[in-house]
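# Descriptive structure summary
Here is what each chain is made of, one letter per residue.
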Amino acid sequence: MAIPQEIIKTKRNGKPLSHAEIRQFVQGLTDDSFSDSQAAALAMAIYLNGMAVSEIVELTLAMRDSGTVLNWQGRLNGPVVDKHSTGGVGDKVTLMLAPMVAACGAFMPSIAGRGLGHTGGTVDKLESIPGYSCTQSLSRIEQLLPQLGCVIVGQSSELAPADRRLYGIRDVTATVESIPLITASILSKKLSEGLDALVMDVKVGNGAIMATAEDASALATSIVNTATGAGVATRALITDMNQILGSTAGNALEVIETLDYLSGKYREPRLHQLTLELGANMLMLGGLHSDKAAAINALEHSLSSGKAAEIFSKMVAELGGPADLLEKPQQYLASAPVVQDIIAPQSGYLSYNNTVGLGMAVVRLGGGRSHPSQQIDPAVGFSDILSNGSKVQQGDRLATVHAASTEAAAIACQEYLAALTVTPENAERLPLVHHTIG
């Protein structure tokens, strides 16, 4: 068995780590035989020198195996699928997609995260529903998934504990942006769900962690190659995050948009297109449909029949929320005391140039966190958001801000306007789905 500094030296010198060395490192993360400084040194060596696909596969599997791995063998009558987004602003797709794919015969045990920085977290959105508990034991997840078809909960200390320690070290040592480490972090948690298929939504643009198509493609390729190497059918869609997804940003506001989407009251076109694209790929990879048109038809039917809405309602009730949330959202979801329209300063075509700034405006309103222990205000954010390319007249409403005070609303209005331009000509837009890998 090598000592930690020999393993660090190997990667520092740009050489590949053996499977045994990688397993020893991960074991060291869980039993503290690697100190924080040694783990940080190896993380930096990986950041600087990279890893081959075979190394990333081994790191991913070792981190997955550092905790419990769910096993659905012989317990479900359909494929186990999930999707993961690399994060953006207003991304509430998991909330509608989970019950939709469940209505189509798949099973989706989604272990979701909280928001940090400019990206909103699925757990924070769900916890804006009174009583909804994202903290569930693995045995409870194993009990509920066969009944409901989908379960959306928070991360468990039982799943991939090595990743939790390594992420904490990366966060304070400037090694977060390493593609091998991002890949292993995402997949160690996702593969611990016992998946048959995974669809990745890799965001690119001025509201994404990956700002360029090249960076997004590199991450998507790494994830697809690694997950496939680990035995899980995986596909990545590179999707546009140059504007807020949907018409809301903010926790309770995004839950309301989800309920409107599931009930058919309103489906914002880009959000609907992306949900169908991701869902169709999940159903095809899971073997439920062989062609995209049939998969999309099945997803559309899950909405029009009311089955997806019914599954979502059952999941909310089983996890502690109100059984009649879909019928009476205003009775349960928090609303902000100050609601103010954001007005177009001139006529022209709308173009967002700083979607990260809009995400940070939600954080400053109180709807997100600048550090992990911070409490959030579920009621605040933006609604009625106009999309890129919208033609507006001076004085038209661009969006509505929901705030805890008039002062906070005024600052948010300024930040919103600073993140966009109104131009005489409508700029050419990139497609919602840039391309697909895998």
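Preceding this paragraph is the structure being described.
Below is a short write-up of the structure.

Parameters and conventions
- Residues numbered from 1 in each chain as written.
- Predicted model: local features only at pLDDT ≥ 70, side-chain atom pairs only at ≥ 80, totals over all residues.
- Heavy atoms only, no water.
- Helix = DSSP H or I, 4+ residues; strand = E, 2+ residues; numbered from the N terminus.
- Buried < 20%, exposed > 50% of the residue type's maximum accessible area, 1.4 Å probe, protein only.
- Disulfide = S-S within 2.5 Å.
- Pairing = 2+ DSSP bridges.
- Right-handed = clockwise from strand over helix to strand, strands pointing away.

## A word on the side chain of Glu 254
As for its placement among the helices and strands, Glu 254 is situated in helix H11 (residues 251-263). For Glu 254, a relative accessible area of 3% translates into the label buried.

## Structural notes on the environment of Leu 48
Residue placement: Leu 48 occurs in helix H3 (residues 36-49). We classify Leu 48 as exposed; its relative accessible area is 60%. Sequence separation between Leu 48 and Thr 175 is 127 residues, and the spatial gap between their C-alpha atoms is 9.1 Å.

## Considerations on the state of the cysteines
Scanning all chains against the criterion turns up 0 disulfides. Cys 134 carries a free sulfur, and the closest cysteine sulfur to it, the one in Cys 150, is 13 Å from it. Take Cys 134: its relative accessible area is 3%, and that puts it in the buried class.

## What about the pairing of strand S4 (residues 197-204)?
In terms of burial, S4 is a largely internal element, 8 of the 8 residues being buried. What you see with S4 is no split at all: Ala 197, Val 199, Asp 201 and Lys 203 on one side and Leu 198, Met 200, Val 202 and Val 204 on the other are buried throughout. The pairing of S4 with strand S5 (residues 233-240) spans 8 bridges and is parallel. The partner of Val 202 across the bridge, within S5, is Ile 238. For the crossover that starts at S4, traverses helix H10 (residues 213-229) and ends in the parallel S5, the hand is right-handed.

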